[in-house]
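# Fold and contact review
This is what each chain is made of:
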Amino acid sequence: RVKLDRPIITSFAVFNAEQVNGIPELVIPDISSLGWEPLERAEQLIKSSGADIQHIPGNRAFYSPFKDNITLPLKQQFDEPSKYYATALHELGHWTGHESRLDRSLLNKFGTKDYAREELRAEIASLLIGNELRIGHDPSQHTAYVDSWISILTDHPFEIHSAAADAEKIYTYLLDLERKRNMELIAFADDKKVSNHLLTENDHI
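Attention here is on the structure that accompanies the text. Just so it is clear, the structure is predicted and the values come from calculations on it, not from any experiment.

Note on placement: Ala164 falls in helix α5 (residues 159–197). Under the relative-accessibility criterion, Ala164 is labelled partly exposed at 34%. The spacing of Ala164 and Arg121 is 43 residues in sequence and 6.8 Å in space, taken between C-alpha atoms.

The next subject is the packing of helix α2 (residues 81–95) against helix α3 (residues 113–133). One way to put it is that α2 packs onto α3 with a least axis distance of 8 Å and a crossing angle of 130°. When the axes of α2 and α3 are compared, the pair comes out oblique. Where α2 crosses over α3, the handedness of that crossing is right-handed. Packed against α2, whose contacting residues are Ala86, Leu89, His90, Gly93 and His94, the element α3 presents Glu118, Glu119, Ala122, Glu123, Ser126, Ile129 and Leu133 at the interface. For the contact of α2 with α3, the residue count by class is 5 nonpolar, 4 polar and 3 charged.

Let us look at the pattern of salt bridges. Scanning all chains against the criterion turns up 12 salt bridges. Here Glu132 makes a salt bridge to Arg41, at a shortest N to O gap of 3.0 Å. Separated by 91 residues along the polypeptide, Glu132 in helix α3 and Arg41 in helix α1 (residues 40–49) bring together distant segments of the chain. Accessibility expressed as a relative area gives 28% for Glu132, which makes it partly exposed. Put simply, Arg121 and Glu159 hold a salt bridge, and the shortest N to O gap is 2.8 Å. A residue pair is termed long-range when its members are at least 10 positions apart, and Arg121 in helix α3 and Glu159 in helix α5 qualify at 38 residues. With a relative accessible area of 7%, Arg121 lands in the buried category. Take Glu159: its relative accessible area is 11%, and that puts it in the buried class. Overlapping salt bridges bring together Asp114, Arg117, Arg121, Glu159 and Asp166 as one network.

The subject of this paragraph is the packing of aromatic side chains. The tally for this structure, following the rule as stated, stands at 4 aromatic pairs. Measuring from centroid to centroid gives 5.5 Å for Phe78 and Tyr84, while their planes differ by 75°, and the two rings are edge-to-face. Assessed through its relative accessible area of 3%, Tyr84 is described here as buried. A network of ring pairs unites the aromatic residues Phe78, Tyr84 and Tyr85 as a single cluster.

The next point concerns a nonpolar patch on the surface. A contiguous nonpolar patch, built from Val2, Leu4, Phe66 and Leu107 and spanning about 440 Å² of accessible area, is present on the exposed surface. With respect to the secondary-structure elements, Phe66 resides in the loop between β2 (62–64) and β3 (69–72).

Take the sheet that holds β3 next. The mixed open sheet is built from 3 strands, whose spatial order is β1-β3-β2. Looking at which strands have only one partner, the edges of the open sheet turn out to be β1 (52–55) and β2. If you compare each strand with its neighbour and ignore which way they point, the axes differ by 25° on average. Alignment of β1 against β3, held across 4 bridges, turns out to be parallel. Counterpart to Ile53 in the pairing with β3 is Ile70. Seen against the sheet, α2 touches β1, β2 and β3 and runs at an angle of roughly 155° to β3.

Before going further, it helps to examine α3. For α3, with 21 residues, the first-to-last C-alpha span of 30 Å sits near the 30 Å given by 1.5 Å per residue. Looking one or two residues beyond α3, the residue adopting positive phi is Arg134, at roughly 60°.

Inspection of the secondary structure assignment puts Glu91 in helix α2. Although Glu91 is buried, it makes no salt bridge; Arg104 carries the closest opposite charge, 9.6 Å away. From its side chain, Glu91 meets the backbone nitrogen of Tyr63 in a polar contact 3.2 Å long. The contacts of Glu91, once residues within four sequence positions are left out, are Ala61, Phe62, Tyr63, Ile70 and Leu72.

Parameters and conventions
- Each chain has its residues counted from 1, running along the sequence as written.
- Per-residue local features of the predicted model are confined to residues with pLDDT of at least 70, and side-chain atom pairs are confined, for both listing and counting, to 80 or more; whole-chain, interface and lining totals are unaffected and use all residues.
- For side-chain calculations, the full set of non-hydrogen atoms in the structure is used, while hydrogens and water are omitted.
- What counts as a helix is a DSSP run of H or I of at least four residues, what counts as a strand is a run of E of at least two, and both are numbered from the N terminus.
- Throughout this description, buried means an accessible area under 20% of the type-specific maximum (1.4 Å probe, protein chains only), exposed means over 50%, and partly exposed covers the range between.
- Think of each axis as a best-fit line through the C-alpha atoms, taken over the contacting stretch in the case of a helix, with angles from 0 to 180 degrees between the N-to-C directions.
- Relative orientations are named as follows: roughly parallel for angles under 35 degrees, roughly antiparallel for angles over 145 degrees, roughly perpendicular for angles from 65 to 115 degrees, and oblique for any other angle.
- Each crossing gets its handedness from the near helix: less than a right angle anticlockwise from the far helix is left-handed, clockwise is right-handed.
- What makes two residues a contact is simply this: any of their non-hydrogen atoms within 4.5 Å.
- Any residue that is not Ala, Val, Leu, Ile, Met, Phe, Trp, Tyr, Cys, Pro, Asp, Glu, Lys or Arg is counted as polar, Gly included; the first ten are nonpolar and the last four charged.
- The salt bridge definition used is simple: a Lys or Arg side-chain nitrogen within 4 Å of an Asp or Glu carboxyl oxygen.
- Side-chain rings of Phe, Tyr and Trp (the six-membered ring for Trp) are treated as a pair once their centres are within 6.5 Å; stacked means planes under 30 degrees apart, edge-to-face means over 60, and tilted covers the remaining angles.
- Patches in this entry comprise residues that are over 30% relatively accessible and not in a salt bridge; like charges within 9 Å are linked, as are nonpolar side chains (Val, Leu, Ile, Met, Phe, Trp, Tyr) within 5 Å.
- Every accessible area reported is derived by Shrake-Rupley at a probe size of 1.4 Å, with residue values counting cover from the shown protein chains alone.
- Note on pairing: two strands pair once DSSP finds at least 2 bridges between them.
- The length a helix should cover is 1.5 Å for every residue beyond the first.
- In this tally Asp and Glu are treated as negative and Lys and Arg as positive; neither His nor the chain ends contributes.
- Nitrogen and oxygen atoms within 3.5 Å of one another constitute a polar contact, given that in protein one can donate a hydrogen and the other can accept it, and given that sequence-neighbouring residues count only through two side-chain atoms.

The structure is reproduced here in structure tokens:
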């Protein structure tokens, strides 16, 4: 249990965009028209995890330890597939920290050093997985944490070794899930081949 600050309760009047004059109609671009095609291995790795992922319009991507799910913007909001998958894999890195998986401390307040530590682990893991999947890595997406990382590494130089070790565990955990799923698919295909060669009632020989 982590004691949180008391919430600040505010209220806002909201309107449907259709009720506001002068706002252009929202047009969601067709992914195919942007040349946006799924990257097969990245897509399969995410599916292999079994993580609960929801896509909603907006600019937020995050993992919720309380709900154990990942929220991402719509795929159409990314101008390149690699940016979408890099974001998804970063949040999947946080997802591995759940107590039922690699069991890292995730209930950290935004802006604290513990929060920055977890971000560092997810970022290094995203770099490793991006290299494995050949989708590259864009460090500019997490520049907001650089000052915190510098502060941590200045005070605790060996933190980078701990972060890298945890990132490797994340990398291994996710790739093991991918390998397990591939083995299950191969076993299923082999079973199907065998069953197709077995004689059943009314077969002609």
